[in-house]
Amino acid sequence: RLGRASGRAASLRLREARWVAGAARAHRASLPAVAARASRLRREGWHVGDLALLGLLDPHEGPARERWAVRRGEVLALQEALNPAWTVPETLDKRRFAAACARHGIPTPPLAAVLERAGGRRATAAGWARALAERAPAEAVVKPASGELGVGVRVLRREGPGARDAAGRRWSWDGLAADLARARHEAYVVQPRLRPCAELRRLSGSDVLQCLRIVTLLDERGRAEVLYAALRISASAAVVDAFRAPGSGATGNLIARVEADGTLATPVAVAPGGYGLVRVAVHPATGAVLAGRAAPGWEAARALALRAAEAFTPLRTAGWDVAPTDHGPVVVEGNAWWGATGDPDGALLPVRDALRRAAAARSPATAGA
């Protein structure tokens, strides 16, 4: 056990060293200067991967970016202070989340099948193959039940005695089930594939489901408000709309804040070198102008997020992934631990401050929940 822990620590140090060296090259700065910034900001609680993604390692531009950057660790700590621990699994586990949404009448993708381990890997794979063959929809999404950031998601189309994935690879049900069982995930959910609304398809040129991330906060009386919202826009070959990816830092997709009037701010993407954020005025594939455009399906999605927030009380704050579809908004996920992607306009600063005030004002009853 100690050996594994030591190995993980060494791997982390190596990864951090690579981020620092990569930032020095990307920002055309000296390695000692970048390393000094990394060391100082790490002492302040920053994760080096976040420093790289937000461009904070740049000795020239980094100090100015610190004025709008919000430390993910602080936001997560505030969420932990606000959300009673016993409420969190209802959003983390997609099986429990689907059941809770059904109880509250919240539209969410239905579960066609749930794949749970039973016995050894071989027996598990055999059971999963039967379930997939019998119950997988014509177009399906298979997700780890406790996954995040799109890790492990498969988008499939039934084809003969098996399925073809989004990359064009042909799978037998036995082969797919065995591949799923080899991963570390304890369970998967199988859902019908949803499509984005027509306006989002025109905007992005993609059939990938694209969500509005709507962050809500409940007051002490259980009334919800929207603290922040952003639209994730597909602009890559990824089968999900996630902006961040473990390890690499980015997927190539865009993210645009939704302003108070329901229009999109200028989206941001990760710089081509992978270090820092850049503004993107038009969609790189379709040429569609993004800034100032009305966020597709915004009012209905906002209303649904507020309804979900109040239904999941006493969860105080959550990030709801709401997909605008041609049949109305659908809550794809609820996130008790929602990440704070950088917003170079500083719009996450009031979000952090609102969480601070809410955490400081907790009643004794809430604090003990």
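Look up: the structure comes first, before these words.
Residues numbered from 1 in each chain as written. Predicted model: local features only at pLDDT ≥ 70, side-chain atom pairs only at ≥ 80, totals over all residues. Heavy atoms only, no water.

### Details of helix 9 (residues 173-182)
Condition: Between buried and exposed lies partly exposed: a residue is buried under 20% and exposed over 50% of the maximum accessible area for its type, with that area taken using a 1.4 Å probe on protein chains only. We count a stretch as a helix when DSSP gives it H or I for four or more residues in a row; a strand needs E for two or more, and each element gets its number in order from the N terminus. Arc, as used here, means the arc of the directions from the helix axis to the C-beta atoms.
Those residues of helix 9 not exposed but buried are Trp173, Leu176, Ala177, Leu180 and Ala181. For helix 9, the angular spread of buried residues about the axis comes to 135 degrees, placing them on one side. The outward face of helix 9, more than 90 degrees from its buried face, is lined by the exposed residues Asp174 and Arg182.

### With respect to unusual backbone geometry
Cis geometry marks the peptide bond from Thr313 to Pro314; its omega dihedral reads 15 degrees. Secondary-structure assignment places Pro314 in the loop between helix 11 (298-311) and strand 12 (317-325). Although it is not a glycine, Arg28 sits at a positive phi angle of roughly 50 degrees. As for its position among the elements, Arg28 is in the loop between helix 1 (2-26) and helix 2 (31-43). Given the relative accessible area of 78%, Arg28 is considered exposed.

### So, helix 8 (residues 121-135)
Test applied: Take the number of residues in a helix, subtract one, and multiply by 1.5 Å to get its expected span. Any pair of residues with heavy atoms lying within 4.5 Å of one another is described as a contacting pair.
Helix length check: helix 8, at 15 residues, gives a terminal C-alpha distance of 21 Å against a target of 21 Å (1.5 Å per residue), a fit within 8%. For helix 8, every residue scored as buried is listed here: Thr124, Ala125, Trp128, Ala129, Ala131 and Leu132. In this structure, the buried side of helix 8 is in contact with strand 1 (113-116), strand 3 (154-158), helix 9 and strand 6 (187-192).

### Considerations on the sheet that holds strand 2 (residues 139-144)
The condition is simple: Strands qualify as paired when DSSP identifies two bridges or more between them. Between N-to-C directions, angles span 0 to 180 degrees; the directions come from axes that are lines fitted to C-alpha atoms, helices contributing only their stretch in contact.
In spatial order, the strands read 1-6-2-3-4-5; together these six strands make up an open sheet with antiparallel pairing. The sheet is open, and its two borders are formed by strand 1 and strand 5 (170-172), each paired with just one other strand. Taken pair by pair, the neighbouring strands of this sheet meet at an average axis angle of 30 degrees, ignoring direction. Pairing analysis gives four bridges linking strand 1 to strand 6, with the strands arranged antiparallel. The partner of Leu115 across the bridge, within strand 6, is Tyr188. Running at roughly 175 degrees to strand 1, helix 8 makes contact with strand 1, strand 3 and strand 6 of the sheet. Running over the sheet, helix 9 touches strand 1, strand 2, strand 3, strand 4 (162-165), strand 5 and strand 6 and is turned about 90 degrees from strand 5.

### Some remarks on the environment of Pro144
Its place among the elements puts Pro144 in strand 2. Since its relative accessible area comes to 1%, Pro144 is described here as buried. Between the alpha carbons of Pro144 and Arg121 there is a distance of 16 Å; along the sequence they are 23 residues apart. Those residues in contact with Pro144 that sit more than four places away from it in its chain are Lys94, Val151, Gly152, Val153, His185, Ala187 and Tyr188.

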